[in-house]
Amino acid sequence: MIVRRLFVTGGALALSGLVLAGAHAAPNLGRKWYGRRMFPLIRRIPIHGAVALTFDDGPGEALDDFLTTLDRYNARATFFVVGEQVKAAPGRVRDIIDAGHEVGLHCYHHRNYLHRPPWEAVQDLDRAQATIEDATGRPITLYRPPHGMFNLATFIESGRRGWHRVYWQRQGWDWEASATPESIAAGVGVPDPGDIILLHDDDRYSAPGSWRRTLAALPRILETAKSAGMEVCSVGELLARAGDYAPPRASAARAQRTDDSYRTGRVS
Ligand SMILES: [Zn+2]
């Protein structure tokens, strides 16, 4: 009898654990076609004649080179920045904005949220938000987690904060050690209208020197988009054209973060 009870209790605990683990990871179904309705992510914006270019993992040592190249092609981009990098050099995000581009939140520490407990992941969001908003003076409106991986807490919390969850439609696999400028440009290919393109402007969390290959591929990617009749824009620009977005204004950040519940790191 006792053995049977232990067996039933153990089975129930194991089942509960599986259900919790499934719930924790569930938002990543949004990356697949069958989960897009339940966990919507922005990967393409319904717009003609333009694509959105995004860079993750900076701002790093090569930022000026990327800004110069983008300027040369009259292209604009969204930079999903890492809090610890912003903390080390807060002026760099201002450089991004002053050059006509846009800043989104990537994380504070670049770790996979799927492998972190909910409270720790939300604390990471809090810390990143405070650091980036203090540096830019503008509220966060765009969000992309490390590796594009959510957990249930960050999915819910990003929605509660009103952030647009930005995924991507095209990428150059530029973080891989085997990537070359040619493979990166080929990976991105010829974009369709409204596509969101993912690249990386720093190598702190990927193969050493990877940003050099991305930078070398960038002119080709921009020329291909131009030849296809596409203007290269930030995510916010495309969302605004689609009528679904109000760009963040300077000085609204602190006012937005005065809500105490915002800083507790708990999911409501
Ligand atoms: Zn990243």
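No experiment lies behind these values; they were computed from the predicted model shown.

This part covers helix H2 (residues 63-72). Turning to H2, its buried residues number three or more, namely Leu 63, Phe 66, Leu 67 and Leu 70. Buried positions in H2, seen along its axis, are confined to an arc of 100 degrees and lie on one side of it. Exposed and facing more than 90 degrees away from the buried side of H2 are Asp 64, Thr 68 and Arg 72. Along its buried surface, H2 packs onto strand E1 (50-56), strand E2 (77-82), helix H4 (91-98) and helix H8 (210-227). Phi for Asn 74, located one or two positions after H2, is positive at around 50 degrees.

Another aspect to go through is the nonpolar core. Considering soluble globular proteins, one finds that nonpolar side chains tend to be buried as a cluster. Ala 52, Val 81, Ile 132, Ile 197 and Val 232 are the most contacted members of the largest nonpolar core, which has 60 residues in total. For this core, the element with the highest residue contribution is helix H5 (residues 118-136), accounting for six residues. Aside from chain neighbours lying at most four places away, what touches Val 81 is Gly 58, Pro 59, Val 86, Val 93, Val 103, His 106 and Ile 132.

Turning our attention to the confidence of the model for the protein chain. On average, residues of the protein chain score 87 in pLDDT, and 85% of them reach the 70 mark or higher. Taken together, the stretch residues 258-268 has pLDDT below 50 and engages in 14 contacts with residues farther than four places along the chain or on a different chain.

Across the interface, H2 lies against H8 with an axial gap of 10 Å and an inter-helix angle of 5 degrees. As judged from the angle between their axes, H2 and H8 are roughly parallel. Across from Asp 65, Phe 66 and Thr 69 in H2, the residues of H8 making contact are Leu 215, Leu 218 and Pro 219. Across the contact of H2 with H8, the residue classes tally to four nonpolar, one polar and one charged.

On to the pairing of E1. Along E1, six of the seven residues are buried, which leaves the element largely enclosed by surrounding structure. Two elements, E1 and strand E7 (residues 196-200), share five bridges in a ladder whose sense is parallel. Considered in E7, the bridge of Leu 53 is made with Ile 197. Two strands pair when backbone bridges link them, and E1 and E2 are joined in this way by four bridges, in the parallel orientation. Pairing of Leu 53 across the sheet is with Ala 77, part of E2. For the crossover that starts at E1, traverses H2 and ends in the parallel E2, the hand is right-handed.

For a regular strand, side chains alternate in direction, first toward one face of the sheet and then toward the other. A large share of E7 lies buried, amounting to five of its five residues. The side-chain alternation of E7 yields two buried faces, one formed by Ile 196, Leu 198 and His 200 and the other by Ile 197 and Leu 199. Bridge count between strand E6 (residues 170-171) and E7: two bridges; the pairing is parallel. Within the sheet, the bridge partner assigned to Gln 171 lies in E7 and is Leu 198. Handedness of the crossover is the feature at issue here: the chain leaves E6, passes through helix H7 (residues 181-188), returns alongside E7, and the resulting connection is right-handed.

Between Gly 58 and Pro 59 the backbone carries a cis peptide bond, its omega angle lying at 0 degrees. Following the sequence through the fold, Pro 59 ends up in the loop between E1 and H2. A positive phi is found at Asp 57, a non-glycine position, where the angle reads about 90 degrees. Here Asp 57 lies in the loop between E1 and H2. When the 25 C-beta atoms within 10 Å are taken as the criterion, Asp 57 is described as buried. The backbone phi angle of His 147 is positive, close to 65 degrees, even though this residue is not glycine. By secondary structure assignment, the location of His 147 is in the loop between strand E4 (142-143) and helix H6 (152-160).

Conventions used here
Residues numbered from 1 in each chain as written. Predicted model: local features only at pLDDT ≥ 70, side-chain atom pairs only at ≥ 80, totals over all residues. Buried ≥ 20, exposed ≤ 12 C-beta atoms within 10 Å, placed from the backbone. Helix = DSSP H or I, 4+ residues; strand = E, 2+ residues; numbered from the N terminus. Arc of directions from axis to C-beta. Contact = placed C-beta atoms within 7 Å. Core = buried A, V, L, I, M, F, W, Y, C linked by C-beta atoms within 7 Å. pLDDT = per-residue confidence, 0-100. Axes fitted to C-alpha atoms, helices over the stretch in contact; angles between N-to-C directions. Parallel < 35°, antiparallel > 145°, perpendicular 65-115°, else oblique. Nonpolar A, V, L, I, M, F, W, Y, C, P; charged D, E, K, R; others polar. Pairing = 2+ DSSP bridges. Right-handed = clockwise from strand over helix to strand, strands pointing away.

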